[in-house]
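Chain and residue survey
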Amino acid sequence: MKTDLTNTTASKINAALMETRRAGGSTAAGMVLTLVIVTDEGSAYDALKAANDASREHPSRILAVIKRAGRSPRARAETRLDAEILVGSDAGPGETVVLRMHGELASHAQSVVLPLLLPDAPVVVWWPENAPLHPAQDPLGAIAQRRITDAVTAESPVGQLAQRAQSYTPGDTDLAWTRITGWRSMLAAALDQRPSTITSAAVEGESYNPSVELLGLWLHNRLHVPVERVVTGGPGITAVHLRTKDGDITLDRPDGLMGTLSMPGSPDRQVALKRRETSELIAEELRRLDPDDIYASAVRTPVDRLREAVNAETVAAANAAQSVAEEAHAEEAPAEKAAADKAPAKAAAKRGKKADS
């Protein structure tokens, strides 16, 4: 069921939600949390789809906050709240309210969201894009127990990790961290099966992917060993190598679908390591509402702790360039030597001419 409200208020939206629930034959809310999505028109569809899919595991009241401050002075002066209420098959097992805030109201979104929160239920705020520098200090972030950002959508994804470390408050998390849950689980299970002393590690993946850096920082914190960062073409994280005196423990995933776990003295095993959809990542984050201390320790570790390692292609290119330079120098050497041999003869001839004159 879909209900559109134009130039409305929070109290009218609450009344419409109650009426829609009664029309559907249910008077109880039956939802476990409120998920607030702060987005724009361009990202609203994908974000709402992911949240609705996640609500099948966590029935939620989803509040999508879309700020439309306006470009012209007249548009900015017009304060208006439009709402779109989706209940039933259109919103999955929960309720969805799309809030479009026009004009000055866009700067006071918390005043509209607060009356619409479920009573005595936790609040989670998610910024699919354009997250604030300090999520916990944002007016909407301040009312939430958990705050979810996504560093991969930033203009400088890896540089965004430094900002997340600086502004970290218990309850913050990032989907770049959620994406490596499978990798962390597989590597921890491998070391449980074959306890070994790790001497160093290497993480391979795309250059712009913050999940690669977070995985390397996690290994550095947990194992207290140097970690190399190797740049590859992706997709995402492609391999992790844990070096021991008996050989490497390697988890390799070149295609983003299936991984291969190799351990010394054991046959290779295929493991499921598929890149997950955003809805699965959100559903995982909604399973826990307590602070993630492991994420805090990883994101607070400076990225420069990872050693930059060049890959085989880079080494081959460097060797080829050096060979070309050496060949060019070898070709120039005879000419330079001949010029050097002629120089004394020319000087002697000039002295002889001077003596004759």
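In what follows, the accompanying structure is described. (Residues numbered from 1 in each chain as written. Predicted model: local features only at pLDDT ≥ 70, side-chain atom pairs only at ≥ 80, totals over all residues. Heavy atoms only, no water.)

**Some words on the overall build of the chain**
Here is the rule we go by: Helix and strand definitions here come from DSSP, where helices need a minimum of 4 consecutive H or I residues and strands a minimum of 2 consecutive E residues; each element is numbered from the N-terminal end. Any residue under 20% of the maximum accessible area for its type is buried, any over 50% is exposed, and the rest in between are partly exposed; the area is computed with a 1.4 Å probe on protein chains only. Contact between two residues is taken to exist if any of their heavy atoms lie within 4.5 Å; hydrogens are not considered. The accessible surface values rely on the Shrake-Rupley method and a 1.4 Å probe; as for residues, cover is taken only from the protein chains in view.
From N to C terminus, the chain includes eleven helices and 15 strands. Looking at the chain residue by residue over its 357 residues, the buried ones come to 45%. Within the chain, contacts between residues separated by at least 24 positions form 69% of all contacts whose residues are at least 6 apart in sequence. By element, 52% of the accessible surface of the chain is carried by carbon and sulfur atoms, the whole surface being about 18,200 Å².

**A short note on the nonpolar core**
The following threshold applies: Definition of nonpolar core: a set of buried residues of the types Ala, Val, Leu, Ile, Met, Phe, Trp, Tyr and Cys, connected through side-chain atoms within 4.5 Å.
Ranked by size, the top nonpolar core spans 34 residues in total, and within it Leu187, Leu215, Leu219, Val240 and Leu242 carry the most contacts. Breaking this core down by element, the ones donating at least two residues are helix H6 (175–178), helix H7 (181–193), strand E9 (200–205), helix H8 (210–223), strand E11 (237–244), strand E12 (247–252) and helix H10 (293–299). Ranked by residues supplied to this core, first place goes to H8 with six residues. Residues Val97, Leu99, Val112 and Trp127 belong to the second largest nonpolar core, which totals 26 residues.

**Some points on the packing of aromatic side chains**
Filter applied, for reference: Think of it this way: a Phe, Tyr or Trp ring, Trp meaning its six-membered ring, pairs with another when their centres are within 6.5 Å, and the plane angle makes it stacked under 30 degrees, edge-to-face over 60, tilted otherwise.
Applying the stated criterion across every chain, the model contains two aromatic pairs. Centre to centre, the rings of Trp177 and Tyr295 are 5.7 Å apart; their planes meet at 55°, and the pair counts as tilted. Note that Trp177 is positioned in helix H6 and Tyr295 in helix H10, a separation of 118 residues in sequence. On the basis of relative accessibility, which here comes to 1%, the residue Tyr295 falls in the buried class. Among the aromatic residues, those joined into a cluster by ring pairs are Tyr168, Trp177 and Tyr295.

**Digging into the sheet that holds strand E3 (residues 60–68)**
Note the threshold: Two strands are said to pair when DSSP picks up at least two bridges between them. Axis lines are fitted through C-alpha atoms, for helices just across the contact stretch, and the angle between N-to-C directions can take any value from 0 to 180 degrees.
Reading across from one edge, E1-E4-E5-E3-E2-E6-E7-E8 is the order of the eight strands in this open sheet, with mixed pairing throughout. Unpaired on one side and paired on the other, strand E1 (2–5) and strand E8 (172–174) mark the two borders of the sheet. Neighbour to neighbour, the strand axes of the sheet diverge by 15° on average, direction disregarded. Sheet topology places strand E7 (residues 146–149) next to E8; three bridges connect them, and they run parallel. The partner of Thr149 across the bridge, within E8, is Asp174. Sheet strands touched by helix H1 (residues 10–23): E1, E3, strand E4 (80–87) and strand E5 (95–102). Its angle to E4, the strand with the most contacts, is close to 15°.

**Some remarks on the packing of H7 against H8**
Defined as follows: A crossing counts as left-handed when the near helix is turned anticlockwise from the far one by less than a right angle, and as right-handed when that turn is clockwise. Amino acids are sorted into nonpolar (Ala, Val, Leu, Ile, Met, Phe, Trp, Tyr, Cys and Pro), charged (Asp, Glu, Lys and Arg) and polar (every other residue, Gly among them).
As a packed pair, H7 and H8 sit with axes 11 Å apart at the nearest point and diverge in direction by 30°. Crossing handedness for the pair H7 and H8: right-handed. Contact residues: Trp183, Arg184, Leu187 and Leu191 in H7; Leu215, Trp218, Leu219 and Leu223 in H8. The residue makeup of the contact of H7 with H8, split by class, is seven nonpolar, no polar and one charged.

**Looking at the side chain of Thr238**
Along the chain, the position of Thr238 falls in strand E11. For Thr238, a relative accessible area of 6% gives the class buried. Excluding its chain neighbours within four sequence positions, the residues that come into contact with Thr238 are Trp183, Glu204, Gly205, Thr232, Leu251, Asp252, Arg253 and Pro254.

**So, the side chain of Arg61**
Position of Arg61 relative to the elements: it lies in strand E3. For Arg61, a relative accessible area of 5% translates into the label buried. Discounting chain neighbours no more than four positions away, the residues touching Arg61 are Asn14, Leu17, Arg21, Met31, Leu33, Thr34, Leu35, Glu95, Leu116 and Leu118.

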